[in-house]
Amino acid sequence: MTTYKGYLLKGKVIDGTLNNPIENGAVVIDGERIVWVGEAQLLPPHYNANEYELIDLPGRSIMPGLVDGHTHISFGESRSEEENALYTPVEFRAIKALYYSKKVLQAGVTSAFDAATTYAVAQAVRDAIDSGMYPGPRFTVSGKQITNRQGLEDSFPSNMEFPPGQAAVLVKTKSDLVEAVRLQVKEEVDAIKVSGSNDNLITPDALGVSAFTLEELQIIANETHRLGKICSIHARSTESARDAALAGFDNIFHASYLDEAGIEACLKNNCVITPTLTLLVNLIEADTAMAGASSSSAFKREVEAASKNLRKAYDAGVPLLAGSESGWSPVPYGNWHAREMQIFVDILGMSPLEAIHANTLAVTRLMPRYKNDIGKLEAGRLADILVLPGDPTKDITLLQKPSRFDYIFQGGQPIDRTPLPTRKRRWYERTKTFLAGLYVYNEETGQGQLID
Ligand SMILES: [Zn+2]
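Residues numbered from 1 in each chain as written. Predicted model: local features only at pLDDT ≥ 70, side-chain atom pairs only at ≥ 80, totals over all residues. Heavy atoms only, no water.

Peer 1: Sorry if this is basic, but what is going on with a nonpolar patch on the surface here?
Peer 2: A cluster of nonpolar residues, Phe 434, Leu 435, Tyr 439 and Leu 450, forms a patch on the protein surface that exposes about 540 Å² of accessible area. When its relative accessible area of 46% is taken as the criterion, Leu 435 is described as partly exposed. (Patch = residues over 30% accessible without salt bridge, like charges linked within 9 Å, V, L, I, M, F, W, Y side chains within 5 Å. Areas by Shrake-Rupley, 256 points an atom, 1.4 Å probe, with all protein chains shown as cover. Salt bridge = Lys/Arg side-chain N within 4 Å of Asp/Glu carboxyl O. Buried < 20%, exposed > 50% of the residue type's maximum accessible area, 1.4 Å probe, protein only.)

In structure tokens:
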């Protein structure tokens, strides 16, 4: 049996940048890294099929593994706020998260930014994967979101304690802010995440205010940066997005109602936007009259506003990053990781190449842990690579069919793609609904009847 040094891939090379793809390209993998990328005809002769296993299938594209800019690996596909914050023991949450990590990897996501965790599950998952114990994307993680009374996580009644399983910590005063950042950093997060506005899933028509003052946001951003971390914020409203950019945050999630002043502040302070429109589009498409606290028309309004405001921001030069929001029941793991690219093309008018860039190299700016190692096909970087039939620069939806990919490489090795066993939900993962309706007595029929 021949022992190869690595792999020699041939096909159309899309490298993760905005450069034109190489139609007849080659990529050489040696060990865990890429050692050569270029025109196949310029391939140095020592990279040959005697020493490197040749993968040369007709009509294939070769591109970086996806870098998902927004996941919640600890959320376990929860169907309600209660399920997420209250139910399921933390130990079981962590084991579930490892199961789902493999599923995410099998969708072609070789790295991901986790945008808030319940307990410290995301850090544990990141470390279990990094230390070689379990397969999964290379994670960069936020800790618990820092929220106050107006952030979306303070959603339970005030007559109870803030639930320890909520994916957030509650701060009450200005002096709590620095302590909250320091505690998260002590708990080994890569990034601080702030809950900067409310959300239509939690409160109806909740998008008109910033949870924190500009001064409070500055305190958070300054302390985060002093401790060498990056700073993200959930900010759907105009004020929250603008003030976060003014305060020096590195990344705004959503920013649907960003205005001119917000765009200017993003440009001035090098702030990027990760819209995660997939969540909203899925909520609309799932075709329920209500999702969370709001009717689907609220989500439609937000997508409409976001499509205008984000396109304006992009035209002005603000980078847009693709993230899926995978982790909730509207966006289950392994299903929708590539959909944001299609939305960027369809709703924001990006080219497929720009969308691929937004879901690969562009996201690495949120990931200092791996920044120069992932996201791009380039000699020296880790060989996290997809090989797939067809040309995603012509049809971006091809990336939503990972079962058709020929290979998903991570660190120079094809990953195990055996489908995971279907998981049964345990009784303790659920909100304890007595009956999904009222069982009333009907005098006419003399029988009981379930009504809404
Ligand atoms: Zn999220």
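That shown, we press on.
Peer 1: How do you make sense of the domain arrangement of the protein chain when you look at a structure like this?
Peer 2: By convention, interface size is frequently given as the accessible area that disappears when the constituent parts associate. Domain boundaries in the protein chain define domain 1 (1–64 + 375–421) and domain 2 (66–365). Each of domain 1 and domain 2 has a C-alpha centre, and these two points are 30 Å apart. Counting residues at the interface gives 33 residues for domain 1, matched by 28 residues for domain 2. For the pair domain 1 and domain 2, the summed buried area comes to about 2,500 Å², and 67% of that belongs to carbon and sulfur atoms. A per-residue breakdown of the area domain 1 buries against domain 2 is headed by Ile 396, Gln 400 and Leu 420, which together make up 24% of the total. Between domain 1 and domain 2 we count two salt bridges in total. Close ionic contact of Lys 102 with Asp 416 constitutes a salt bridge, the shortest N to O distance being 2.9 Å. Seen at the junction of domain 1 and domain 2, the total is 10 residue pairs in polar contact (both at pLDDT 80 or more). Put simply, the parts of the chain that give the side of domain 1 that touches domain 2 at least two residues each are strand 5 (60–64) and strand 18 (407–410). For the side of domain 1 that touches domain 2, the element with the highest residue contribution is strand 18, accounting for three residues. (Domains from an automatic or database assignment. Contact = heavy atoms within 4.5 Å. Buried area = accessible area lost by both parts, 1.4 Å probe. Polar contact = N/O pair within 3.5 Å; in protein donor to acceptor, adjacent residues only side chain to side chain. Helix = DSSP H or I, 4+ residues; strand = E, 2+ residues; numbered from the N terminus.)

Peer 1: How do you make sense of the coordination of the zinc ion when you look at a structure like this?
Peer 2: Any two of four tetrahedral donors ideally make an angle of 109.5 degrees at the metal, while pairs among six octahedral donors ideally make 90 or 180 degrees. Surrounding the zinc ion are the protein donor atoms His 70 (NE2), His 72 (NE2), Glu 325 (OE) and Glu 325 (OE), at 2.0 to 2.7 Å. Its four donor atoms give the zinc ion angles of 50 to 145° at the centre, a pattern that matches the irregular case. Here the donor residues of the zinc ion share one chain and are spaced in sequence as H-x1-H-x252-E. Of this pair, His 70 sits in strand 6 (residues 66–71) while Glu 325 sits in the loop between helix 9 (296–316) and helix 10 (339–346); the two residues are 255 residues apart in sequence, bridging distant segments of the chain. Considered together, His 70 and Glu 325 belong to a single accessibility category, that of buried residues. (Donors = N, O, S within 2.8 Å, 3.2 Å for Na, K, Ca; no water. Tetrahedral: all angles 85-135°; square planar, octahedral: opposite > 155°, others 65-115°.)

Peer 1: Hey, could you run me through the side chain of His 72 in this one?
Peer 2: Within the fold, His 72 resides in the loop between strand 6 and helix 1 (81–85). Look past the residues within four positions of His 72 in its chain and what remains in contact with it is Asp 114, Ala 115, Ala 116, Lys 193, Glu 325, Ser 326, Gly 327, Trp 328 and Tyr 333.

Peer 1: Please explain unusual backbone geometry as it appears in this structure.
Peer 2: Outside of glycine, negative phi angles account for most residues, and trans bonds account for most peptide bonds. In this structure, Ala 255 takes a positive phi of about 55° despite not being glycine. If you trace the backbone, Ala 255 turns up in the loop between strand 13 (251–254) and helix 7 (260–268). Residues other than glycine seldom take positive phi values, yet Glu 325 does so here, at roughly 70°. Taking the relative accessible area as the measure of exposure, Glu 325 reaches 3% and is therefore buried.

Peer 1: Please explain the nonpolar core as it appears in this structure.
Peer 2: The tendency in soluble globular proteins is for nonpolar side chains to be buried side by side. Among the nonpolar cores identified, the biggest contains 88 residues, and Ile 73, Val 194, Phe 249, Ile 252, Ile 273 and Leu 399 are the most heavily contacted of them. Residue contributions to this core reach at least three from each of two domains, namely domain 1 (1–64 + 375–421) and domain 2 (66–365). Residues contacting Phe 249, with those up to four places away along its chain left out, are Val 194, Leu 217, Ile 220, Ala 221, Cys 231, Ser 232, Ile 233, Ala 244 and Cys 271. (Core = buried A, V, L, I, M, F, W, Y, C linked by side-chain atoms within 4.5 Å.)

Peer 1: It is not clear to me how the sheet that holds strand 7 (residues 109–114) should be interpreted in this structure. Could you clarify?
Peer 2: Within a sheet, each strand pairs with its neighbour through backbone hydrogen bonds, oriented either parallel or antiparallel. Taking strand neighbours across the sheet as the criterion, the three strands line up as 6-7-8 in an open arrangement whose pairing is parallel. Each having just a single partner strand, strand 6 and strand 8 (138–141) make up the two edges of the open sheet. Between one strand and the next, the sheet's axes are offset by a mean angle of 20°, whatever the strand orientation. Relative to strand 8, strand 7 runs parallel, the two being bridged by four bridges. Residue pairing across strands places Asp 114 opposite Val 141, the latter belonging to strand 8. On the sheet, helix 3 (residues 121–130) packs against strand 7 and strand 8 and is oriented at approximately 150° with respect to strand 8. (Pairing = 2+ DSSP bridges. Axes fitted to C-alpha atoms, helices over the stretch in contact; angles between N-to-C directions.)

Peer 1: Just to check I follow, could you spell out helix 6 (residues 238–247) for this structure?
Peer 2: Structural remark: α-helix, 3.6 residues per turn; residues separated by three or four positions point the same way. Within helix 6, the full set of buried residues consists of Ser 240, Ala 241, Asp 243, Ala 244, Ala 245 and Ala 247. Backbone geometry just after helix 6 places Gly 248 at a positive phi near 95°.

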